[in-house]
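Observations on the three-dimensional arrangement
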Amino acid sequence: MIFDYFPEQLRQLRNCQPFAGFAHRLFTTAVRARLVAALALSLLAGSLLALTPLEAHPRTVLDLDTQTQPVPLGDWGDFWIDSSGRFTPEQVSTTHEIPWKPTSGETIYPVTSDYPLWIRFTVPPAPDAERWYLEVPYPSVNRASLYTMDSAGKWNEQRAGDLVAVNKWPVPHRHPLLPIALSAEVPTSYLLRLENGHALSAPLRFISEGRLSYSEQRISLILGIFFGLTGLAALVSLLSAISLRDSAYGLYALCVTLMGLTQATLTGIGGLHLWPHWPWWNDVSTSVLPMLTASTTLLFISATVALPERLPRLHWLMVGQAALGVAVAAVLAVMPVASRMDLFIPTLLLLEFSGMLVMAWAWRRGDRFAPWLMLAYLPVTIAAGWTVARNADLVPIGFLTQHGMQLGVALHLPIVMVLLMLRSQHRRENTRRIQGLDRVDPATGLINNHVFGERLIRMIARSERLRHQSALMLIDIVNSTQIQEDFGRTAADELPLRVAERLLSAAREIDSAARLSEQRFGMLVEGPISPEDAAILAQRIVARCLMPYKGLHVNCVAQVHVAYAIVPSQGSYAQGLLTQLQERLATAPAQGKRAVFLLGETPPVTPVRRVNSRKVA
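1. Section: the pattern of salt bridges
- Under the definition given, this model contains 16 salt bridges.
- A salt bridge links Asp78 to Arg120; its shortest N-O distance comes to 3.1 Å. Pair noted here: Asp78 is in strand E2 (residues 78-81) and Arg120 is in strand E4 (residues 117-123), with a separation of 42 residues, a long-range link.
- A salt bridge links Arg143 to Glu195, with the nearest nitrogen and oxygen atoms 3.0 Å apart. Pair noted here: Arg143 is in strand E6 (residues 143-149) and Glu195 is in strand E9 (residues 188-195), with a separation of 52 residues, a long-range link.
- Exposure remark for Glu195: the relative accessible area of 9% places this residue in the buried category.
- Three or more residues are tied together by salt bridges with common partners; here these are Arg143, Arg193 and Glu195.

Here it is, written out as structure tokens:
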């Protein structure tokens, strides 16, 4: 391709036969030399261009403007990770070999208690009419030390963080808040040293005293609503546990209390108001309280879905996992700060995953409250996962990592409280049904023979006292065997239920209907009532039972016999009346046309047909 640049010269050389070969070689060598020289010049120019310093990207100038707050540090500062952990402010300020890098609000700094983070920044001249603070919006930071040089050339320290008692902070607050001194004439240099058990990504920012007061009022309102809701839920659950004797309410009261304490320590409220003199607990509570909350939640879920009654082995497995969480919480309280997350995160994920599996298992087994319980814990699980991701250095500190759990709990509490109320109502109804089995027939809902006898005695006494007549009726189903032969066992078993329904439709509110045996029913008709009205009512019962039933064959109807007595005119002894009515029903022909019988009347005698002896002969 070199010869393509010189076509005319090559053509002339090729025409000169004696010197063609020699000239061709000479020209080729010259062209190659020119190309090598051009390449060398290009490399030299590139090297010189690389050595020439490029214009650096300008940094954002820190401007403490009261109209735009809070003011982020942004990339105005420089940071450096001290891998030795031994540098002092004097050494940091005088060592020129430190590889400083620009700061950033989204950077996750790999700091630990052994490798602190140093940040240097300079505050430009600014009006000093209002006091300003450096804010580290991360309540769980172990230690934040701000150094400033005085007129004598000595570095003065302001210290805050979990490892320092809150009442000894320069400004007791939910998170480190360090005052800075401004000068209207000269810039002021600062060094900030941050220590933490895991990576840190708190965006440093500056805020004035006036803006800080307004911001805290707004946050206090939000936190007040949250902790008020949490305290109300815990109190209502505790009182319900005492009054209803329900262990689920008691466990939820403990769970909500631990949940509120966990949010108190994560938001800094606990260190500011509850334990300002206990720096050790302020440090370990961020790991211990969430673990205890997760353990209690497992027990609450097990009690809510009735796991001890459904599958005791799975219940004891949940109890074992809860005990494991308590043991891990005790270990976390004495572990070094740098190793806590290695044990905290896997254990917390195990407990949360186990709780979700138990709720899914109960849902699959038909538990009516399990789906709502899963819905209630869904926002809490998502918020907890976001917090765990922050502790695992996967996401920086932001609104969701700071307030996501509070939003999740605020959505969680009303759903669970409504669920527990519905569950208590359902349990009370079941209890009433169980307690009423000795007084109510479970198949039809009618009273049984024992209650029927008690009400009969009271009705007779009431009729004697008020001097009026009432009616006692016994109703027998006489074609049950025929129904079973014609339409099957299911239809025969369903027939008494249909008869009970028809009896209830014929009875008044003051009357009583009872199931005395498989095929026998009773009815107490409160007076005053005449014998004629009682006979009409008995005939109406027979007619209603003969009407077709919905869902059954048109011929699948109940044929009943009704025997009745007027009290107290026909007797005032309850057991004797019942015995006489039973005997009267027993003597009634099953295939006869008559279905209503009055106590005391003479049963009709079936005439005997005479045979003509002559015809027989």
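Moving on, there is more to tell.
2. A look at the packing of helix H7 (residues 279-304) against helix H10 (residues 340-364)
- Running from N to C, H7 and H10 point in directions that differ by 20°, and their axes come no closer than 10 Å. Overall, the two elements H7 and H10 adopt an arrangement that is roughly parallel. With respect to the hand of their crossing, H7 and H10 are arranged in left-handed fashion. In this structure, H7 contributes Asp283, Val284, Ser287, Pro290, Met291, Ala294, Ser295, Leu298 and Ile301 to the contact, and H10 contributes Arg340, Met341, Phe344, Thr347, Leu348, Leu351, Ser354, Gly355, Val358 and Met359.

3. What to know about the nonpolar core
- Formed by 53 residues in total, the largest nonpolar core has its most connected members in Tyr252, Met291, Phe300, Leu373, Tyr377 and Leu420.
- Counting only elements with at least two residues in this core, the list comes to helix H4 (209-244), helix H5 (247-267), H7, helix H9 (312-332), H10, helix H11 (370-391) and helix H12 (399-435).
- Core analysis: the second largest hydrophobic core is formed by 37 residues, Leu446, Leu503, Ala538 and Val557 among them.

4. Quick notes on the sheet that holds strand E12 (residues 512-515)
- Ordered by their spatial adjacency, five strands build an open sheet running E12-E13-E11-E14-E15, and the pairing between neighbours is mixed. Two strands lie at the open edges of the sheet, namely E12 and strand E15 (596-598), each paired on one side alone. Averaged over neighbouring strand pairs, the angle between their axes works out to 20° when direction is ignored.

5. Focus: H10
- With 25 residues, H10 should reach 36 Å at 1.5 Å per residue; the first-to-last C-alpha distance of 36 Å fits that figure.
- Just downstream of H10 lies Gly366, where phi reads positive at about 95°.

6. Quick look at helix H13 (residues 449-466)
- Helix length check: H13 (18 residues) gives 25 Å between terminal C-alpha atoms against 26 Å at 1.5 Å per residue, within 8%.
- Turning to H13, its buried residues are Val451, Phe452, Gly453, Leu456, Met459, Ile460 and Ser463.
- Those residues of H13 hidden inside the fold are in contact with strand E11 (470-477), E12, strand E13 (520-525), strand E14 (560-567) and helix H17 (574-587).
- Backbone geometry just downstream of H13 places Arg467 in the positive-phi region, at approximately 60°.

7. Comments concerning the packing of helix H14 (residues 480-487) against helix H15 (residues 489-506)
- Where H14 contacts H15, the axes come no closer than 7 Å and their chain directions differ by 145°. Read as a crossing pair, H14 and H15 show a hand that is right-handed. Between H14 and H15, the residues in contact are Ser480, Ile483, Gln484 and Phe487 and Arg489, Ala491, Ala492 and Leu495, respectively.
- Partitioning the contact of H14 with H15 into residue classes produces five nonpolar, two polar and one charged.

8. Comments concerning the sheet that holds strand E5 (residues 132-135)
- With respect to topology, four strands assemble into an open sheet ordered E1-E10-E5-E8, the strand pairing being antiparallel. Each end of this open sheet is capped by a strand with a single partner; those strands are strand E1 (71-72) and strand E8 (177-180).
- Pairing between E5 and strand E10 (residues 205-208): four bridges, direction antiparallel. Bridge pairing links Glu135 to Arg205 in E10.
- With respect to the sheet, H4 is in contact with E5, E8 and E10, its orientation differing from that of E10 by roughly 95°.

9. Some details on a nonpolar patch on the surface
- Side chains of Leu235, Leu238, Leu239 and Ile242 sit close together on the surface and give an oily, nonpolar patch of about 400 Å² of accessible area.
- Residue position: Leu238 is located in helix H4.

10. Observations concerning the pairing of E12
- Both faces of E12 are covered, namely the face carrying Ser512 and Ala514 and the face carrying Ala513 and Arg515.
- Sheet topology note: the E12/E13 ladder contains four bridges and is antiparallel. Within E13, the residue paired with Ala514 across the bridge is Gly522.
- Hairpin connection from E12 to E13: four residues lie between these consecutive antiparallel strands.

11. A short note on the side chain of Thr293
- One can find Thr293 in helix H7.
- Looking at Thr293, its side chain comes within polar contact range of the main-chain oxygen of Leu289, at 2.8 Å.
- Once residues within four sequence positions are removed from consideration, Thr293 is found in contact with Cys255, Leu258, Met259 and Thr262.

12. Brief notes about the pairing of E5
- Residues Trp132 and Leu134 point to one face of E5 and Tyr133 and Glu135 to the other, with burial holding for every one of them.
- Sheet topology places E5 next to E8; four bridges connect them, and they run antiparallel. Opposite Glu135, over in E8, you have Leu177 as the bridge partner.

13. Examining the packing of aromatic side chains
- By the definition in use, this model includes 10 aromatic pairs.
- Their ring planes at 80° and their centres at 6.1 Å tell us that Trp275 and Trp281 sit as a pair that is edge-to-face.
- Among the aromatic residues, those joined into a ring-pair cluster are Trp80, Phe87 and Trp100.

14. Focus: the environment of Pro371
- Tracing the sequence through the fold places Pro371 in helix H11.
- Taking relative accessible area as the criterion, Pro371 reaches 23% and is therefore assigned partly exposed.
- Residues Pro371 and Met359, spaced 12 residues apart in sequence, show a C-alpha to C-alpha distance of 7.5 Å.

15. Quick look at unusual backbone geometry
- In this model, Gln69 is joined to Pro70 through a cis peptide bond whose omega is -5°.
- You can see Pro70 is positioned in the loop between helix H2 (20-51) and E1.
- Cis rather than trans, the peptide bond between Val567 and Pro568 has omega equal to 0°.
- Counting through the fold element by element, Pro568 comes out in the loop between E14 and H17.
- Within the chain, Arg245 stands out as a residue other than glycine whose phi angle is a positive 55°.
- Turning to its location among the elements, Arg245 is positioned in the loop between H4 and H5.
- Given the relative accessible area of 77%, Arg245 is considered exposed.

Reading the values: the criteria
Residues numbered from 1 in each chain as written. Predicted model: local features only at pLDDT ≥ 70, side-chain atom pairs only at ≥ 80, totals over all residues. Heavy atoms only, no water. Salt bridge = Lys/Arg side-chain N within 4 Å of Asp/Glu carboxyl O. Helix = DSSP H or I, 4+ residues; strand = E, 2+ residues; numbered from the N terminus. Buried < 20%, exposed > 50% of the residue type's maximum accessible area, 1.4 Å probe, protein only. Axes fitted to C-alpha atoms, helices over the stretch in contact; angles between N-to-C directions. Parallel < 35°, antiparallel > 145°, perpendicular 65-115°, else oblique. Left-handed = near helix turned anticlockwise from the far one by under 90°. Contact = heavy atoms within 4.5 Å. Core = buried A, V, L, I, M, F, W, Y, C linked by side-chain atoms within 4.5 Å. Pairing = 2+ DSSP bridges. Expected span 1.5 Å × (residues − 1). Nonpolar A, V, L, I, M, F, W, Y, C, P; charged D, E, K, R; others polar. Patch = residues over 30% accessible without salt bridge, like charges linked within 9 Å, V, L, I, M, F, W, Y side chains within 5 Å. Areas by Shrake-Rupley, 256 points an atom, 1.4 Å probe, with all protein chains shown as cover. Polar contact = N/O pair within 3.5 Å; in protein donor to acceptor, adjacent residues only side chain to side chain. Phe/Tyr/Trp six-rings, centres within 6.5 Å; stacked < 30°, edge-to-face > 60°.

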